Amino acid sequence: MSNENIIREIDEELRSDRARKLWKTLGPFVIGAAVLVVLIVAVNEGWSWWQNSNSSRSSDQFYSALEISDGTDLAAAQKALDDVIAANHGGYPALAKFREAALLAKNGKTAEAIAAYDALSTSETNKYLRELALILSGSLLVDDGDVAKVEQRVGGMVNPNSVFRNAAREAIGLAKYKAGDLAGARQSFEDAANDPLASQELRARLNIYLGQLTAEGVAPPAPAAAAEAPVVVDPATAAPADSSVGDAPALDTTPPADAGGAMAPAADAPATDAPAMAPATETAPAAPAN
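If you're wondering where the values come from, they're calculated on a predicted model, not measured in any experiment.

Undergrad: Just checking my understanding: could you explain the overall build of the protein chain for this structure?
TA: Tallying secondary structure elements over the protein chain gives nine helices and two strands in all. Of all 290 residues assigned to the protein chain, the portion counted as buried reaches 23%. Restricting to contacts in the protein chain with at least 6 residues of sequence separation, those with at least 24 account for 45%.

Next comes the structure, spelled out in structure tokens:
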């Protein structure tokens, strides 16, 4: 056997020995990591299946509760909605709470409905759901004519950055109309109608409100007057006339000449014996035009 073959066999033995030692050291970690990955995937899939299953169950419960709430059995509807809230899956609990408040208002329990909406305006984490609860609460207070309470809830949304700004303006306008502030109500309705993002449905309602106010004698606000008067230019000097003079023509300070060309004395000047100034008999020829 040649020396090269002996050296090659020794190298192979050494490599095999190193691989066995490395596997003994790292093998358990590799196997553990693989098992951990499999377990994570299995747990994630199981969690997703459980969540979807519960959400599907809550969805069925919620729509079943909506069907019950369309009837006349208030207690049964509240019980069905409470079951959805207790299940606490997905976004259905929040929807069930809004539906419960609407159900209270529908059955004439306005004070309880307002309290439910006010509670939602502080308990919900979603900003838009909180603002929606305030809009619905303020709308229920319109019939009381208490403008301060309505503005306390929706006044902060009357700004260009709020998606509920026109709903807030409508609620404030209705409250002012109920309180007898017809001019203020018209202003609120016109602000909402002039918003380019107002919906067609909202514009239709606002036109009805504005028509009613017009029938009651509340005229639209007069257009603003012009900010400043036009500048009067003196044709003789091509310069703006003094603003204190206004539109009055410039006074001619040149004394008038008499029929013979003599300068007429001033009306209040004393008469003198000095002869009048004789008119010039010749006039200088006009310079030729270039």
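Undergrad: In this structure, what is going on with a negative patch on the surface? I would like to understand it.
TA: Taken together, Glu9, Asp11, Glu12 and Glu13 make up a surface patch of like negative charges. Examined against the element boundaries, Glu9 turns out to sit in helix α1 (residues 3–69).

Undergrad: What's the story with the nonpolar core in this structure? I'm lost.
TA: Most often, soluble globular proteins have nonpolar side chains that are buried together. Counting 13 residues, the largest nonpolar core has Ile135, Val150, Val154, Met157 and Ala168 as its most contacted members. When contributions to this core are tallied by element, the ones reaching two or more residues are α6 (147–154) and α7 (165–179). In terms of residues, this core owes the most to one element, α7, which gives four residues. Here Val154 is in contact with Leu134, Ile135, Gly138, Ala168 and Ile172, once residues within four sequence places are set aside. Counting residues in hydrophobic clusters, the runner-up holds 10 residues, among them Ala192, Leu206, Leu210 and Leu213.

Undergrad: Is there a simple way to explain the pattern of salt bridges in this structure?
TA: A side chain with one charge can pair with a side chain of the opposite charge if their charged atoms come near. Here the structure, examined in full by the defined rule, presents nine salt bridges. Here Asp118 and Arg153 are joined by a salt bridge, their closest N and O atoms 3.0 Å apart. On the criterion of sequence distance, the pair formed by Asp118 in helix α4 (residues 110–123) and Arg153 in helix α6 is long-range, its members being 35 residues apart. Measuring nitrogen to oxygen at the nearest pair gives 3.5 Å for the salt bridge that ties Asp195 to Arg169. You can see Asp195 sitting in the loop between α8 (182–193) and α9 (200–215) and its partner Arg169 sitting in helix α7, a full 26 residues away along the chain. With respect to burial, Asp195 and Arg169 carry one shared label: buried. Through salt bridges with shared partners, a single ionic network connects Arg165, Arg169 and Asp195.

Undergrad: Honestly, the environment of Gln152 in this entry has me stumped. Any pointers?
TA: Among the secondary structure elements, Gln152 is positioned in helix α6. Taking the relative accessible area as the measure of exposure, Gln152 reaches 63% and is therefore exposed. C-alpha of Gln152 to C-alpha of Leu134: the two residues are 18 residues apart in sequence and 9.3 Å apart in space.

Undergrad: Looking at this structure, how should I read helix α3 (residues 92–106)?
TA: Side chains three or four residues apart in an α-helix point the same way, a direct result of the helix having 3.6 residues per turn. An ideal rise of 1.5 Å per residue puts 21 Å on 15 residues; α3 measures up with 21 Å between its terminal C-alpha atoms. For α3, every residue scored as buried is listed here: Pro93, Ala94, Ala96, Phe98, Glu100, Ala101, Leu103 and Leu104. One or two positions beyond α3, positive phi appears at Gly108, with a value near 85 degrees.

What counts, and at which threshold
- Here the residue numbering is sequential within each chain, running from 1 through the sequence in written order.
- Reporting of local features is limited, given that this is a predicted model, to residues whose pLDDT is at least 70; pairs of side-chain atoms are given and counted only at 80 or more, and all residues count toward the totals for whole chains, interfaces and linings.
- Heavy atoms from the whole structure form the basis of all side-chain values; hydrogens and water molecules are not counted.
- Secondary structure elements are taken from DSSP: a helix is a run of H or I of four residues or more, a strand is a run of E of two residues or more, and numbering for both begins at the N terminus.
- Between buried and exposed lies partly exposed: a residue is buried under 20% and exposed over 50% of the maximum accessible area for its type, with that area taken using a 1.4 Å probe on protein chains only.
- Any two residues having at least one pair of non-hydrogen atoms within 4.5 Å are treated as being in contact.
- Residues enter patches when their relative accessible area tops 30% and they take part in no salt bridge; the joining distance is 9 Å for like charges and 5 Å for the nonpolar side chains Val, Leu, Ile, Met, Phe, Trp and Tyr.
- Values of accessible area rely on a 1.4 Å probe in the Shrake-Rupley scheme; residue burial ignores everything except the protein chains shown.
- Put simply, a salt bridge is a Lys or Arg side-chain nitrogen that is within 4 Å of an Asp or Glu carboxyl oxygen.
- Under the counting rule used here, the positive set is Lys and Arg, the negative set is Asp and Glu, and His together with the chain ends is not counted.
- We put the charge of a Lys on NZ, of an Arg on CZ, of an Asp on CG and of a Glu on CD.
- For our purposes a nonpolar core is just a set of buried Ala, Val, Leu, Ile, Met, Phe, Trp, Tyr and Cys residues, chained together by side-chain atoms within 4.5 Å.
- Given a helix with a known number of residues, its expected span is that number minus one, times 1.5 Å.

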